[in-house]
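Observations on the three-dimensional arrangement
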Amino acid sequence: MAMARAQDSHKVQRRAIARGLMHALMILVCIACAVPLLLIVSASLTDERALVENGFQLIPSKFSFYAYQFLLADSGRILRAYGISIFVTCVGASLSLLLMSLLGYALSRKDFPLRRLISFFVFFPLLFNAGLVPFYILMSRTLHLKDNLLALILPPLVLPFFTLLLRTYFSTLPRDLIEAAKLDGASEWRIFFQIVVPLSTPALATVGLFSLLFYWNDFYLSLLFINNPRYYNLQYLLYKIISDLQVLENSFMQSGTKPPLESVRMAMAVLAMGPVLFAFLFVQKYFVRGITVGSLKGD
Amino acid sequence: MSGKTLVPPEATSQGVTPRPASAKPTQGTAFMQRLHRERARSGPLFLMALPGLLVLFTFSYLPLPDMILAFKDFKAAQGVWGSRWVGLTNFQFLFGTGTAWRIIRNTLFLNSLFIVATLVASLALATLLNEISDSFFARIYQSILFFPYFVSYVIVGYFVFIFLSSDNGVVNHVLQNVGRQPVNWFNQPSYWPIILTLVTLWHNLGYYTVIYLAGIIAINPEYYEAARIDGATKWQEIRYIMLPLIRPLIIINVLLAVGRIFFANFDLFINVTRQQGALLPTTDVIDTYVYRTLTTLGNFNMASAAGLFQAVAGFVLVVLANWIVRRVDADQALF
């Protein structure tokens, strides 16, 4: 009896240690995830001279909000880039969600003629893609979209993967509901917007979020098609100022004083991350549900 | 065409029942009626699908014919179709100079590293998260782990620079503090496969952990209970119950990644290596090569040849991977 109890307490103790170890390990991993971003934040809050002398540190050796003040005082460039990013992201993501869900819905309907053929048409680009050169020729020589915001909005509007994910989700909705609405004389458009859309929030939220994220983080299309600094979006401006210090210096020529380059760069990175963190806190739940639900399948 | 022609099914069947003397014309009208109804019904659906299909056609199908550029000597003035045919010359150049070998090797090697590292690490973390019974903490861990997935590679490039910058970077700072020589990281290609793997892990770990965790959570707890009654240890539970049960999920995810092994993560390579020439021997991949050749050298010929090779090799591999998935678990096959 006593021995059994001793064994039991031994077991409890071991389990507690194991649990402690697991938490410790997870905390380490989480630190590894957070530290890189905290370093950027810290650098943006460090005095420029301290940054040059002591290097980058997790806790600023000398606090300074100067980089942010500097950006605020001479905010034309970054505000413009913000504006471009917000405009492209909002227009692109909402249009993208609309087009993809309409297409996905049509494909989810068993009574849609040519359903298989059109599904394949949507699916095929996942398998075979023309690649950069033909795409570049199309955009610059055929459509003349260089230095045009449409170059940032149009190409990612319909992504096959998400269209098919939406189709899969829509096809799990009860068919009777749509049939009943049709008997009541509802039009297809009304059925879609008033019945299908409200029932599909998890899938729409996931795809919408992916789309938002894609547009907000996109720098590739700007890299290819935007030369005019007036159309730089936030990511591309960030890319430019880290790959070419001259760009940053030129950006702030008007101010006359030499800008604190390192900390200003980092402050801009923080400002670019801000909205993503904000969005993340709200939609994470949908996101997790969405990526785990949306198994993608052909016919 | 409009909604007015939409007749409730009862009404039509009633209208047809009293058959007139001659059957033929009625059949014709019935057929016309059906066709009419069909069009009225699918017209709006077509209209819904149309804008998306047009976009897809423009950006995914319209460029396809221009792939023949790989067999031509492109002159901008003559356009794609007016340019001279040169047969396989572009490919001879590409594969003759060793460039092709380098970019293909780097692409395949680095992507394999990423796949293996991500798989092992995310499985381990998913197992760990599953064991943590305190759901409050588990949720917080999961959120922190997941957030990097949302961070753009431009910003990833920023912190890699903070870590590896030769004069004021964090890593060199630490090295000097422990009495080691600082390293000029952006000049040392041999370190970069590891650096890039770590960066990829940082960015994607949370995403795959969430996927595997969902698979693990879906396992019926009765299996574990049964094992526990039989005196199984935690390791045995993981080894003999959890892993075999999520094996299909693992295989599918790995095969999907393998199917895309010829395609590198362009954003990662451009932003993190900062296109340093010294790093090209280990970090030049097909996508960066095509981009550089096209935009900075303006060499459409080499870029098209490498692009065509990538598209075809990628296609073959995706089809192959899917064929294998189909054999493992037909439900999970892409097509």
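Model, not experiment: these values are computed from the prediction.

All right, on to the overall build of chain B then. Helices and strands together make up the secondary structure of chain B, namely 15 helices and two strands. In chain B, buried positions account for 36% of the 335 residues. The contacts in chain B between residues at least 6 apart in sequence include a share of 68% that link residues at least 24 apart.

For the rest of this paragraph, the subject is the overall build of chain A. Within chain A, the regular secondary structure consists of 15 helices and zero strands. By the burial criterion, 41% of the 299 residues in chain A qualify as buried. A sequence separation of at least 24 residues applies to 72% of the contacts in chain A between residues at least 6 apart.

This part covers the interface of chain A and chain B. Facing 73 residues of chain A, the contacting portion of chain B comprises 68 residues. Of the residues that constitute the side of chain A that touches chain B, the class distribution is 58 nonpolar, 12 polar and three charged.

With that settled, consider the confidence of the model for chain A. Of all residues in chain A, 90% have pLDDT values of 70 or greater, and the mean over the chain is 87. Scored below 50 in pLDDT, residues 294-299 of chain A makes 17 contacts in the model with residues more than four places away or belonging to other chains.

A separate point is the packing of helix α4 (residues 89-96) of chain B against helix α15 (residues 300-328) of chain B. Residue and element names in this part refer to chain B. The geometry of α4 relative to α15 is characterised by a closest axis approach of 9 Å and an angle of 80° between their N-to-C directions. By the angle between their directions, the pair α4 and α15 is classed as roughly perpendicular. Facing N90, F91, F93 and L94 of α4, the residues of α15 in contact are N301, M302, S304, A305 and A306. Considering only residue class, the contact of α4 with α15 consists of six nonpolar, three polar and no charged.

Residues and elements named next belong to chain B. Of note, G82 is situated in helix α3 (residues 79-82). Judged by the 10 C-beta atoms lying within 10 Å of it, G82 falls in the exposed class. Along the sequence, G82 and K72 sit 10 residues apart, while their C-alpha atoms lie 9.4 Å from each other.

All names here are of chain B. Note on placement: P248 falls in helix α11 (residues 234-259). A residue is classified by how many C-beta atoms lie within 10 Å of it, and P248, with 15 of them, is partly exposed. With 33 residues separating them along the chain, P248 and G215 place their C-alpha atoms 9.7 Å apart.

Glancing now at the nonpolar core. Membership of the largest hydrophobic core comes to 159 residues, with the highest contact counts inside it found for L103(A), L238(A), A269(A) and A306(B). With 13 residues, helix α4 (residues 76-108) of chain A is the single largest residue contributor to this core. Excluding anything up to four places from it in sequence, L103(A) contacts V122(A), V158(A), T163(A), A49(B), G52(B) and L53(B).

What follows is about the domain arrangement of chain A. All names here are of chain A. Each assigned domain of chain A is listed with its residue range as follows: domain 1 (2-44) and domain 2 (75-293). Taken over C-alpha atoms, the centre of domain 1 sits 38 Å from the centre of domain 2. At the interface, four residues of domain 1 touch six residues of domain 2. Residues that form the side of domain 1 that touches domain 2 fall into these classes: three nonpolar, one polar and no charged.

Burial analysis of helix α14 (residues 286-295) of chain B places eight of its 10 residues in the buried class, the great majority of the element. All of the buried residues in α14(B) are I286(B), D287(B), T288(B), Y289(B), V290(B), Y291(B), T293(B) and L294(B). Summarising the contacts, the buried residues of α14(B) are in contact with α6 (132-142) of chain A together with α5 (99-131), α12 (266-273) and α15 of chain B.

Okay, unusual backbone geometry next. Residue and element names in this part refer to chain B. Phi at R274 takes a positive value of approximately 50°, unusual for a residue other than glycine. With respect to the helices and strands, the residue R274 is situated in the loop between α12 and α13 (280-283). Under the C-beta neighbour-count criterion, R274 is labelled partly exposed, with 16 such atoms within 10 Å. Of note, the phi angle at Q275 is positive, near 50°, even though the residue is not glycine.

Take the confidence of the model for chain B next. Interpretation of this model should avoid reading the predicted coordinates in detail wherever pLDDT is low. Summing up the model confidence of chain B, the mean pLDDT is 86 and the portion of residues at 70 or higher is 89%. We note a pTM of 0.87 for the whole complex and an ipTM of 0.89 for its interfaces.

Residues and elements named next belong to chain A. Taking 1.5 Å as the rise per residue, helix α10 (residues 188-199) with 12 residues should run 16 Å; its terminal C-alpha atoms sit 15 Å apart, in good agreement. Restricting attention to buried positions, one finds in α10 the residues E188, I191, F192 and V196. Taken around the axis of α10, the buried residues stretch over an arc of 95°, which confines them to a single face. Exposed positions of α10 whose direction lies more than 90 degrees from the buried face are F193 and P198.

Calculation rules
Residues numbered from 1 in each chain as written. Chains lettered and ligands numbered in written order. Predicted model: local features only at pLDDT ≥ 70, side-chain atom pairs only at ≥ 80, totals over all residues. Helix = DSSP H or I, 4+ residues; strand = E, 2+ residues; numbered from the N terminus. Buried ≥ 20, exposed ≤ 12 C-beta atoms within 10 Å, placed from the backbone. Contact = placed C-beta atoms within 7 Å. Nonpolar A, V, L, I, M, F, W, Y, C, P; charged D, E, K, R; others polar. pLDDT = per-residue confidence, 0-100. Axes fitted to C-alpha atoms, helices over the stretch in contact; angles between N-to-C directions. Parallel < 35°, antiparallel > 145°, perpendicular 65-115°, else oblique. Core = buried A, V, L, I, M, F, W, Y, C linked by C-beta atoms within 7 Å. Domains from an automatic or database assignment. Expected span 1.5 Å × (residues − 1). Arc of directions from axis to C-beta.

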